Amino acid sequence: MLYSDNKPVVVEALKSYMSAYEKINNSNIERYEILGNGVTKSIFANGVSVYANHTNEKIQSPVGDLEPYQFVVGN
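Residues numbered from 1 in each chain as written. Predicted model: local features only at pLDDT ≥ 70, side-chain atom pairs only at ≥ 80, totals over all residues. Heavy atoms only, no water.

A. Spatial organisation of the sheet that holds strand 2 (residues 39-44). Strand order in the open sheet formed by four strands is 1-2-3-6, and the pairing between neighbours is antiparallel. A strand with exactly one partner marks an edge of an open sheet, and here the two such strands are strand 1 (29-36) and strand 6 (71-74). Taking each pair of neighbouring strands and ignoring which way they run, the sheet shows an average axis angle of 15°. For strand 2 and strand 3 (residues 49-53), the ladder comprises five bridges, and the chain directions are antiparallel. Note on strand 3: the bridge partner recorded for Val39 is Asn53. Against the sheet, helix 1 (residues 3-24) engages strand 2, strand 3 and strand 6, with an angle of about 40° to strand 6. (Pairing = 2+ DSSP bridges. Helix = DSSP H or I, 4+ residues; strand = E, 2+ residues; numbered from the N terminus. Axes fitted to C-alpha atoms, helices over the stretch in contact; angles between N-to-C directions. Contact = heavy atoms within 4.5 Å.)

B. Spotlight on the pairing of strand 1. In this sheet, strand 2 lies alongside strand 1 in antiparallel orientation, the contact comprising six bridges. Bridged to Arg31 within strand 2 is Ile43. Between the antiparallel neighbours strand 1 and strand 2 lie two residues, among them Asn37 with a positive phi of about 55°.

C. Spatial organisation of the packing of aromatic side chains. Inspection of every chain in the model, using the stated rule, returns two aromatic pairs. Members of the aromatic cluster, each reached through a chain of ring pairs, are Tyr17, Tyr21 and Phe71. (Phe/Tyr/Trp six-rings, centres within 6.5 Å; stacked < 30°, edge-to-face > 60°.)

Here it is in structure tokens:
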């Protein structure tokens, strides 16, 4: 796979994740919870929580509906 062929995809992925990376920057995961139905919650040392849907279906979570493989950064 050539980088030049995939550069737009890589750039778009990094842009979409940048906000999350900035919020958890230099912070360790303190706790990881499996909430059920394919949803997890990662709690970072700085108080930030990340909810993730690990399924290929839309799932209801504590932060609202999560699309397939979507994650949401909360507090």
